Each structure stands twice: as C-alpha cells, then as structure tokens.
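Tertiary structure, described
What follows is the residue order along each chain.
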Amino acid sequence: MAKTTDFTNFGNERPNYFAGQYLLEDDFEIQHKYLSDRQRYHNQSLHISGIIEGLEVAVIQDAKSVQIKSGSAINTSGDLIILKENITFSDFKNITDGVLYIQYAQDKQVQQQKDVPDSYTRWIEKPILGFATTIPENSVKLGKLTIAQNTITLDINIREYSGLSLPNSNSKALTLRSGGNTNPNLAVLTGSLKIDGDLTVAGTISGTIDTKNITSGILSIDRIPNLSTDKITSGTLNIDRIPNLSTDKITSGILNVDRIPNLSANKITSGTIVGDLTVNGNVTGKNLSLAADGSKRGALFLAATGDYNHVLYNNLSNIDNEGVWDGAKWNVFNGLNIRVGSGNSKSTAFYLNNNGNVAIGTNNPGDYKLNVQGNQLLKGSLTIQEGRVSLDGSQQIVFSDNGTTNQLKLQLWSGYGLGINGSTLFYTANGNHSWRDNQNNERMLLSTAVDGGLTVKGTGSSSFAGNLTVTGSLSVGVSVGSTTNIDLSGHIQLKEYGQQNIAFLQARDDSSNRDIGLRIRTQMKGNTQKTLVEAVTITPSGEIQGKIWYSDEYVWNNGQPEVKMGHSSKCVAFLTYVQGKFAGGGEQVFTYIKSDGYWYLGGNQGSAGAGVVAKARCIGSPS
C-alpha cells in the first residue's frame, strides 16, 4: 500500500496582494509556509535522501581531523542541507569506529530588541556535523572513519547520493540513483525496467538475460556471456566467450577447463583441472585434500558420519592422526565464528570480526580487540605497553588471603606501591607520600626519611576523633608574628617535664633572643559580637598584670556582731578601711577564719569604750 502523507497542517492558502493592502505578520508567515511546504513535499516525494554535490571528506592526519568541503544534500524530510564553506572537524568523542554525518538545523538569530525574547528577525540555517556509532534519524552519511593510535582511515563507500523517486502503489519502491563512490558512473534502478522503444547498449550487458524473449536477429556472443545455449543450434561456439555454457550441449572436442570456470561437476569424472574452479553448488565426498608440490598439506573432511570435531586441518601430511601441526589460515568476508557443542546445542566459543576484534564466549566483541566472557586463569606476566586498565565501578581486584610477607601486591614503581600481609595494609615509598587534588596540587606530604614528618598544606580544618600524641615538639605558627590559633573544646593538661615534678607552660622562641611574655584572654558575651578581655598578662620579667576578682566591701561597727565574708578556699580577706578613736584598753579590729572555714570581720570594744568603723574585702573568686 502506498504511503499516505499527513496533509493536516499542509499550507494550502497564500496572500492575494492588491494595491494599498495592509499586510500583517501572519500574511508573510502564510506566504512562506505555502512555498516551503510545497518545496519540501517535492523534495521528499520525488527525490531520495542523499548527497547532491560536494561534501567530500579528506583526512588531515597530522591534526587528527578531517576536512569536509562545501556542498549540499537532501534528508528524508525533504530539507535541503547547504554547507556554505569548507569545515575542519575533530569532535570524535573518543569513538574509534563510527560514521561521519550531516544534519539539517536552523536557529533564530539577529535579536531586534534585547529584552524581548521573541524579537529575533532571522531564521539561520546552519547544518550540524557529527560522528557516532549509530547516526541520528534524518541525517546523511558522509563517510566511515576508523581511528587507531591517532591514525584515521576513511571509507567513502558508504556515501549515498540523492536521486529520483518514482511514486507507485508500493510507496517509494522505485528509485534511481548513482552507484556512489564505488561506481560513480553507474545508474542503479531499484525495481524492474520496461522499455517500449529501442534500447541501444554501447557497453557490455552483464548478469542473467532471459533469452526466451530473443527470437530473431544476430546474437553477438561476446556481448551476452550468460546466453542460454538452447537458443544456439548451429555454428561454432567460442568457449572463451561463453564461460557459463551448459555442458550438456558439448558432446565432443577438447574442453579447456580454465575457460569454463562454472562447469557442472557431474560432467567431470577424472583428470586434472588446470586453472580456477568455481562451484556454485555443493561438493560431496569423504575428503577434500589440498596438495602443494605433490605432498598433502591439509584437508577438509568429516572424521565420521555426524562427527563435527574435525573440519579444517593443515598438519602437513599427518591427516587426522593428530601429528605434525602447522596452523591454519582463513580468509573470510563477514567474520569468523567458531561454535562448539552437540546437535542443536551449540554456542560461540571464538569470534573474529572484520576489524580484527576477537571475542571468546560471545559473538559480539564490540569495539574491543579482545572481549572475553567468563572467568580467565593467567599464569605468567601480563604486560601492557600502551593504554590503561579500566574497571566498572562495581568490580574489584581481589588478592588471596595467603600472603603473609611484606612484598608489594601492587607495584607502581620499583620499590613503590601497596602491600598487605595478615594484619596490615601498608604503603611503601623511598621518599615521600604525597596527597594531591585533581589539579595535581599537593595538599599533604609525608616524608619517609628517619627525621621526616607530615606536612598539611591545605588551609582548611583538620580534626582527630581520638587522642593525638606527639612524642616530639608541636609547633603552631612558627613564623614571627603568626596569628595561628589552637582551638580546644576541653582541658589543657600539662604533665611533668623531666624529673623535676613540675609541668611547664612556656612562652618561648628558640630562633631569637627577643623578650617574650605570656598573655591570657577571656571572652565576654555581647549584643552583636563577642568581646575579648585581656585577663592576665605575664611580662617577660615575670610580673603579673591583670584583673583579680574582689568582693564588695563588708562593714563592721564597734559594738555590732562580727560580719561573715567569703570562704577561705575561694578567697583571701583584708582590711580596706578603719576609722574611729581607740580609747586605750584592749580595742581591736581584725579579720580571721572561724571553724566553718569562712572569713569574718570584727573587733573588741575594750573597757573604756571607743567608736570604730572597719571595712574589708575578699580577693579570689566568688564563694
């Protein structure tokens, strides 16, 4: 059934112009659609997709690229593709075997108003060039490229040229186009050809001609090599002019076999064939032995009925005795497939495709030179001179558990690599361990020298979930004037230094003889930001400067009970004020600690009486 076009949105109206007419945007759109729909329908219905002219591809080996010359083509939608200038193409996307193609594309350009998205004034047609294993629909093939070790091989035989399409009841069954790059001067017609008038052929007619329609005239045998011989009833037959002559017409004379390569085999019962032998049917028999210089060197045979274990041998003269072996060679067109099994239960054991890719256990090697399905056992060394080993993210490299030595399991350089024994995974290097980011910038360095150390070059924070023990010195901000901080959320515990039963907190600089003091800061909360308080400063000479807590003043008057102040474990009390008159006779003003541990402020009145006022404070911390 012929293909039916969907004419639902096909343009069937156009403007009717007249003087003084007011034209709108829609009028121009209708005019354009009317013309473009008809042009595209003409291209799609009466032509076939392919190259019209140009678009030749040339390899630029030194630059690992190709040049595509200007030209034109038609796609299956009837779009006319124009490449205005020569273009150099190199976007191969790591594909080593694919097809170079061209696609129709258009885009809005020339924006009239910057802030108005729909104010573009032009549709610009600019084709897309691509390279893929499977090309997109509605694209035109320009050539096949094979890339191996930066060398590009171009196959232009896949290029198809546009031609004519003859509508009929079977959709586009009848087409006429050139024979492509393989035979550019050949016109290829798909379908039958009927000629009502004369046909004049200046060249050679090849193929099979139905001679039952040839009833008169002079037959030039050299022009019709496949002429059916039942039309020849007399005269002299030149064998070299009729290589496919049916042998039942030859009853006497000398047959030159090299002139009749398609001789029916049932006419040959003995003798030697000199020249080529082409067999279109089957060759039957037990064995077909091939000889060179009179000595058997190979055979094609079945060892016994139903036994397919021996098919092709080349073992010098020791046929089927499993003796001397000299290999075998096959020349095949569409890959070599070796299958094993019994009866109908056969599977591919070995497959070699036309690109030299080998598959074991499957008949699809893909883009790999060797594709092995199943487990492999390798005894000996594996050397990879170029390339890399790539694993799927879910795969593993597994070593057995019987390695107890300190030998490297993964050697990255002589004496450098990874190893594992019964309890330890270790890294070995005679120099440095370096941790780097993906831009190869060093972020952390561990020297393996005896006096080496760990250097962290990142500016971020480092954390330890457990304890950190440093047996040597810990230096932070070693440069003069450094503002590097040590932030701790717990206590700082200082242990005994040497044999002196003393722990040291030192402000010290071994690199100079400068005076260095020690400062302790505290923090007060604030409304908008924290406030740092200079709490205690110890000068280089040992003086202590800072703020010390003291209580409000406690007041005692002569004749009143003593006043309780802070606890002796928290503070020390002292008199700050004494006023009055001592009359003589045992008056006292004092601070003292009672049995409850608190400081008290009081005094004795004496015998003659006195008017005395005393004040005191506690220094230390609140009780």
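Positions within a chain are numbered from 1, following the residues in the order the chain's sequence is written. Only residues with pLDDT of 70 or above have their local features reported here, since the model is predicted, and side-chain atom pairs are shown and tallied only from 80 upward, although totals for entire chains, interfaces and linings are computed over all residues. Side-chain metrics rest on all non-hydrogen atoms present in the structure, leaving aside hydrogens and water.

What about the overall build of the chain?
Quick reminder of the rule: Each helix corresponds to a stretch of at least 4 residues labelled H or I by DSSP, and each strand to a stretch of at least 2 residues labelled E; elements are numbered beginning at the N terminus. Between two residues, a contact is recorded if the distance between any of their heavy atoms is within 4.5 Å. Throughout, the Shrake-Rupley method with a 1.4 Å probe supplies accessible areas, and for residues the shown protein chains are the sole cover considered.
Each helix and strand in the chain was counted, giving 1 helix and 39 strands. For the chain, contacts bridging at least 24 residues in sequence account for 37% of all contacts bridging at least 6. For the chain, the computed accessible surface area is about 47400 Å², with 49% contributed by carbon and sulfur atoms.

Notes on the pattern of salt bridges
Pairing between side chains of opposite charge can happen when the charged atoms of each approach one another. To be explicit about the condition: The term salt bridge refers to a side-chain nitrogen of Lys or Arg lying within 4 Å of a carboxyl oxygen of Asp or Glu. Buried means the residue's accessible area, taken with a 1.4 Å probe over protein chains only, is under 20% of the maximum for its type, while exposed means over 50%, and partly exposed covers the values in between.
Counted by the stated rule, this structure contains 11 salt bridges. Measuring nitrogen to oxygen at the nearest pair gives 2.9 Å for the salt bridge that ties Arg40 to Asp79. Of this pair, Arg40 sits in helix H1 (residues 25–46) while Asp79 sits in the loop between strand E5 (71–74) and strand E6 (80–83), and the two are 39 residues apart along the sequence. Take Arg40: its relative accessible area is 31%, and that puts it in the partly exposed class. The network of salt bridges with shared partners includes Lys33, Asp37, Arg40 and Asp79.

Things to note about H1
Worth spelling out the cut-off: Given a helix with a known number of residues, its expected span is that number minus one, times 1.5 Å.
Taking 1.5 Å of rise per residue, 22 residues should cover 32 Å, and H1 covers 32 Å from first to last C-alpha, within 8% of that figure. Listed as buried for H1 are Gln31, Tyr34, Ser36, Asp37, Asn43 and Ser45.

Re the confidence of the model for the chain
Test applied: A score from 0 to 100, pLDDT tells how confident the predictor is in each residue.
In the predicted model, the chain carries a mean pLDDT of 78, and 75% of its residues have values of at least 70. Residue range residues 233–242 is modelled with pLDDT below 50. Its contacts to residues more than four positions away, or to other chains, number 13 contacts. Considering only residues more than four positions removed or in separate chains, one finds that residues 251–261, a stretch of pLDDT under 50, has 16 contacts.

Things to note about the sheet that holds E5
Formally: At least two bridges found by DSSP between two strands are what make those strands a pair. Here the axes come from fitting lines to C-alpha atoms, over the contacting stretch only for helices, and the angles between their N-to-C directions go from 0 to 180 degrees.
With antiparallel pairing, the 3 strands of this open sheet are ordered in space as E2-E5-E6. Looking at the sheet topology across the chains shown, the edges are occupied by strand E2 (50–54) and E6. For this sheet, the mean inter-axis angle between neighbouring strands, taken without regard to orientation, is 15 degrees. By the bridge criterion, 4 bridges tie E2 to E5 in an arrangement that is antiparallel. Residue pairing for E5: Ile51 is matched across the bridge by Ala73.

Re the nonpolar core
How we decide: The term nonpolar core refers to a set of buried residues drawn from Ala, Val, Leu, Ile, Met, Phe, Trp, Tyr and Cys, joined through side-chain atoms within 4.5 Å.
Formed by 19 residues in total, the largest nonpolar core has its most connected members in Ile68, Phe89, Leu100, Ile102 and Leu142. Contributions of two or more residues to this core are made by strand E4 (65–68), E6, strand E8 (97–103), strand E11 (128–132) and strand E12 (139–148). Take this core: its biggest share by element is 4 residues, from E12. Excluding anything up to four places from it in sequence, Ile102 contacts Leu55, Ile81, Leu83, Pro127, Ile128, Leu129, Ser139, Val140 and Leu142.

Regarding unusual backbone geometry
One non-glycine residue, Asn94, adopts positive backbone phi at about 65 degrees. If you trace the backbone, Asn94 turns up in the loop between strand E7 (87–89) and E8. Asn94 gets classed as exposed once you look at its relative accessible area, which sits at 79%. Phi is positive for Asn440, close to 65 degrees, though the residue is something other than glycine. Mapped onto the secondary structure, Asn440 falls in the loop between strand E27 (432–436) and strand E28 (442–447). Judged by relative accessible area, Asn440 falls into the exposed class, the value being 53%.

Some words on the side chain of Ser119
Note the following rule: Two N or O atoms count as a polar contact when they lie within 3.5 Å, although within protein this holds only if one can serve as hydrogen donor and the other as acceptor, and sequence-adjacent residues are included solely when both atoms are side-chain atoms.
Positionally, Ser119 belongs in the loop between strand E9 (106–111) and strand E10 (120–125). In terms of polar contacts, Ser119 uses its side chain to reach the backbone carbonyl oxygen of Gln113, at 2.8 Å. Discounting residues that sit within four places of it in the chain, Ser119 has contacts with Val110, Gln111, Gln112 and Gln113.

Here we look at the sheet that holds strand E26 (residues 425–428)
In sheet architecture, strand pairing relies on hydrogen bonds along the backbone and comes in two forms, parallel and antiparallel. One open sheet accounts for 3 strands, arranged E24-E25-E26; its pairing is antiparallel. Looking at the sheet topology across the chains shown, the edges are occupied by strand E24 (408–413) and E26. Neighbour-to-neighbour, the strand axes of this sheet turn through a mean angle of 15 degrees, independent of strand direction. Bridging between E24 and strand E25 (residues 416–420) involves 4 bridges; their strand directions are antiparallel. Looking across to E25, one finds that Gln411 is bridged to Gly417.

Let's talk about the packing of aromatic side chains
As a reminder, the rule being used: The aromatic pairing rule takes the rings of Phe, Tyr and Trp, using the six-membered ring of Trp, and pairs them if the centres are within 6.5 Å, calling planes under 30 degrees apart stacked, those over 60 edge-to-face and the rest tilted.
Under the definition given, this model contains 7 aromatic pairs. Between the aromatic rings of Phe7 and Tyr41, the centroid separation amounts to 5.5 Å while the plane-to-plane angle is 65 degrees, which identifies the pairing as edge-to-face. Residue Phe7 is found in the segment before H1, and its partner Tyr41 is found in helix H1; the two are separated by 34 residues along the sequence. Overall, Phe7 belongs to the partly exposed group, its relative accessible area being 42%. Aromatic pair Phe10 and Tyr41: ring centres 5.8 Å apart, planes at 75 degrees, arrangement edge-to-face. Remark: Tyr41 occurs in helix H1 and Phe10 occurs in the segment before H1; sequence separation between them is 31 residues.

What to know about a nonpolar patch on the surface
Let me state the cut-off plainly: Only residues whose relative accessible area exceeds 30% and that take part in no salt bridge are eligible for patches, with like-charged residues grouped when within 9 Å of each other and nonpolar side chains (Val, Leu, Ile, Met, Phe, Trp, Tyr) grouped when within 5 Å.
Taken together, Phe464, Leu468, Val470, Leu474, Val476, Ile486, Leu488, Ile492, Leu494 and Leu505 make up a surface patch of nonpolar side chains, about 1000 Å² in accessible area. Of the residues examined, Ile486 reaches a relative accessible area of 55% and is grouped as exposed.

Focus on the side chain of Asp79
Taking relative accessible area as the criterion, Asp79 reaches 11% and is therefore assigned buried. Within the structure, Asp79 has its side chain in polar contact with the side chain of Arg40 (distance 2.9 Å). Ignoring any residue separated from it by four or fewer positions in sequence, one finds Asp79 in contact with Arg40, Ala73, Ile74, Tyr104 and Asn138.

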